[in-house]
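What follows is the residue order along each chain.
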Number of protein chains: 4
Amino acid sequence: MPTAEPPYRRIANDLAAKIKTGELQPGDKLPSTRELAEAYGVHMNTASRALSLLHDRELITGQPGRGTYVAERPGQ
Amino acid sequence: MPTAEPPYRRIANDLAAKIKTGELQPGDKLPSTRELAEAYGVHMNTASRALSLLHDRELITGQPGRGTYVAERPGQ
Amino acid sequence: MPTAEPPYRRIANDLAAKIKTGELQPGDKLPSTRELAEAYGVHMNTASRALSLLHDRELITGQPGRGTYVAERPGQ
Amino acid sequence: MPTAEPPYRRIANDLAAKIKTGELQPGDKLPSTRELAEAYGVHMNTASRALSLLHDRELITGQPGRGTYVAERPGQ
DNA sequence: GTGGTCTAGACCACT
DNA sequence: GTGGTCTAGACCACC
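Residues numbered from 1 in each chain as written. Chains lettered and ligands numbered in written order. Predicted model: local features only at pLDDT ≥ 70, side-chain atom pairs only at ≥ 80, totals over all residues. Heavy atoms only, no water.

Let's shift gears to the overall build of chain A. Across its full length, chain A carries three helices and three strands. For chain A, the N- to C-terminal ordering of α and β elements is α-β-α-α-β-β. Relative to its full complement of 76 residues, chain A shows a buried share of 43%. For chain A, restricting intrachain contacts to residue pairs at least 6 apart in sequence, the fraction spanning at least 24 positions comes to 53%. (Helix = DSSP H or I, 4+ residues; strand = E, 2+ residues; numbered from the N terminus. Buried < 20%, exposed > 50% of the residue type's maximum accessible area, 1.4 Å probe, protein only. Contact = heavy atoms within 4.5 Å.)

Spelled out as structure tokens, the structure:
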């Protein structure tokens, strides 16, 4: 059995999918780290890592503490 | 004698070792922050920081108010 | 109103954004822990924790007593 | 130009090389996180990550806080 | 009960 | 001066 997806990737991929399908539109505000942690039932550190990953992929922008938003050209 | 390991890391590594050796099994509940603090003779803050480190390493999971548990795939 | 982002994360993300946008360049010196604490109106501990997060993300480098600097390859 | 090696990998590889060449023998005690951080001029978080990597590769064993040691059969 | 966070003030080691 | 850590005590939200 292959290694399962780590939680932070699961969350990141979930959000990425919502962006891809248009459920989350460019410019939309994402939940805060704390809200994500509660929503997905994980530790704040895990939620933070998920957001960090999306930031790296340039799917989201902004200062997460002041509000994280879906990038205007997600995936460039 | 060179500078020693700080207590919060000592505690974190101690728990990590117990997970690695199987003394703590995936799904097992860890002692509460307060219990850990008492067991190691440190302040709650210090014990909390140790647990935070293990969260980062994805060795443990759990959310506030529900306790802390050994991750299902510790170390991925 | 849902629970907000904790200050130490807000500060960390704020600094991370400045690095990402280039407002803070690789090699630049960051404000000291004490300066950050004053600037954001928080305790030194809180500012220190924010910097620790950025260390984990490899966005900043430096050792005790020498100041903190933007990493050469922020975000790898 | 290819992405440079992140510091924590550089340190991990450095230690791994010392184990491979026999400069560090099975059973030898490794420096503490703090000592490693000082020796390599990096943050404690970075040194900690390097040790964690070696632990994952089973090159080292033990509870790092109580002392980390070169594994008896490094690389298995 | 649980974990998470903040302030306050102190100490240490290194530059 | 710098960053890193610890204690002490408090508060919050969720179960």
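Following the structure, the description resumes.
This paragraph deals with the environment of Ala16 of chain A. Its place among the elements puts Ala16 of chain A in helix α1 (residues 7-21). Apart from the residues within four sequence positions on either side, Ala16 of chain A is in contact with Leu54, Arg57 and Leu59 of chain A.

The next subject is the sheet that holds strand β3 (residues 68-70) of chain A. Residue and element names in this part refer to chain A. Strand order in the open sheet made by the three strands is β1-β3-β2, with antiparallel pairing throughout. Both outer strands of the open sheet, β1 (29-30) and β2 (60-61), are each paired with one neighbouring strand and no more. Pairing analysis gives two bridges linking β1 to β3, with the strands arranged antiparallel. Paired with Leu30 across the bridge in β3 is Thr68. (Pairing = 2+ DSSP bridges.)

Here we come to the packing of aromatic side chains. Per the stated rule, a full pass over the model turns up zero aromatic pairs over all chains. Across the ring face of Tyr8 of chain C, the terminal group of Arg49 of chain C is positioned such that the distance to the ring centre comes to 4.1 Å. (Phe/Tyr/Trp six-rings, centres within 6.5 Å; stacked < 30°, edge-to-face > 60°. Lys NZ or Arg CZ within 6 Å of the ring centre and 35° of its normal.)

Let us now look at the protein's contact with DNA strand F. Contacts to DNA strand F come from 22 residues, most closely from Pro7, Asn45, Thr46 and Arg49 of chain B together with His43 of chain D. By atom count, sugar and phosphate contribute 62% of the portion of DNA strand F lying within 4 Å of the protein. In this structure, Pro7 of chain B approaches DNA strand F through a main-chain N or O atom, which is 2.8 Å from a phosphate oxygen. For the surface near DNA strand F, the elements supplying multiple residues, two or more each, are α1 (7-21) and α3 (44-56) of chain B together with α2 (33-40) and α3 (44-56) of chain C. Top element by residues in the surface near DNA strand F is α3 of chain B. It accounts for three residues. Split into classes, the residues belonging to the surface near DNA strand F amount to six nonpolar, 13 polar and three charged. (Near = heavy atom within 4 Å. Polar contact = N/O pair within 3.5 Å; in protein donor to acceptor, adjacent residues only side chain to side chain. Nonpolar A, V, L, I, M, F, W, Y, C, P; charged D, E, K, R; others polar.)

Looking at the secondary structure, you find Tyr8 of chain D in helix α1 (residues 7-21). The exposure class of Tyr8 of chain D is buried, given its relative accessible area of 10%. Between the C-alpha atom of Tyr8 of chain D and that of Ala47 of chain D, which follows or precedes it by 39 residues, the distance is 6.3 Å. The contact partners of Tyr8 of chain D, leaving out residues within four places of it in the chain, are Glu58 of chain C together with Thr46, Arg49, Ala50 and Leu53 of chain D.

Moving on to the protein's contact with DNA strand E. With respect to spatial proximity, 24 residues lie near DNA strand E, and among them His43 of chain A, Thr33 of chain B together with Pro7, Asn45 and Thr46 of chain C are the closest. Here the atoms of DNA strand E within 4 Å of the protein split so that 60% fall in sugar or phosphate, with bases taking the remainder. Within the backbone of Thr33 of chain B, a nitrogen or oxygen atom sits 2.8 Å from a phosphate oxygen of DNA strand E. Put simply, the parts of the chain that give the surface near DNA strand E at least two residues each are α2 (33-40) and α3 of chain B together with α1 (7-21) and α3 of chain C.

Counted under the stated rule, the structure contains four salt bridges over all chains. Between Arg49 of chain A and Glu58 of chain B there is a salt bridge, with the nearest N and O atoms lying 3.6 Å from each other. Of the two residues, Arg49 of chain A is situated in helix α3 (residues 44-56) and Glu58 of chain B in the loop between α3 and β1 (60-61); the pairing between them involves two chains. With a relative accessible area of 9%, Glu58 of chain B lands in the buried category. Here Asp56 of chain A and Lys20 of chain C are joined by a salt bridge, their closest N and O atoms 3.5 Å apart. A residue pair is termed interchain when its members come from two chains, as with Asp56 of chain A in helix α3 and Lys20 of chain C in helix α1. (Salt bridge = Lys/Arg side-chain N within 4 Å of Asp/Glu carboxyl O.)

With that out of the way, let us pick up the packing of α1 of chain A against α3 of chain A. All names here are of chain A. Two elements in contact, α1 and α3, have axes whose closest approach is 8 Å; the angle formed by their N-to-C orientations is 50°. Comparing the axis directions of α1 and α3 gives the class oblique. Crossing of α1 over α3 shows right-handed handedness. In this structure, α1 contributes Pro7, Tyr8, Arg9, Ile11, Ala12, Leu15 and Ala16 to the contact, and α3 contributes Thr46, Arg49, Ala50, Leu51, Leu53 and Leu54. Of the residues belonging to the contact of α1 with α3, the class tally is ten nonpolar, one polar and two charged. (Axes fitted to C-alpha atoms, helices over the stretch in contact; angles between N-to-C directions. Parallel < 35°, antiparallel > 145°, perpendicular 65-115°, else oblique. Left-handed = near helix turned anticlockwise from the far one by under 90°.)

We now examine the sheet that holds strand β1 (residues 29-30) of chain D. Spatially, β1-β3-β2 (chain D) is the arrangement adopted by the three strands of the open sheet, whose pairing is antiparallel. Here the strands that pair on one side only, and so sit at the sheet edges, are β1 and β2 (60-61) of chain D.

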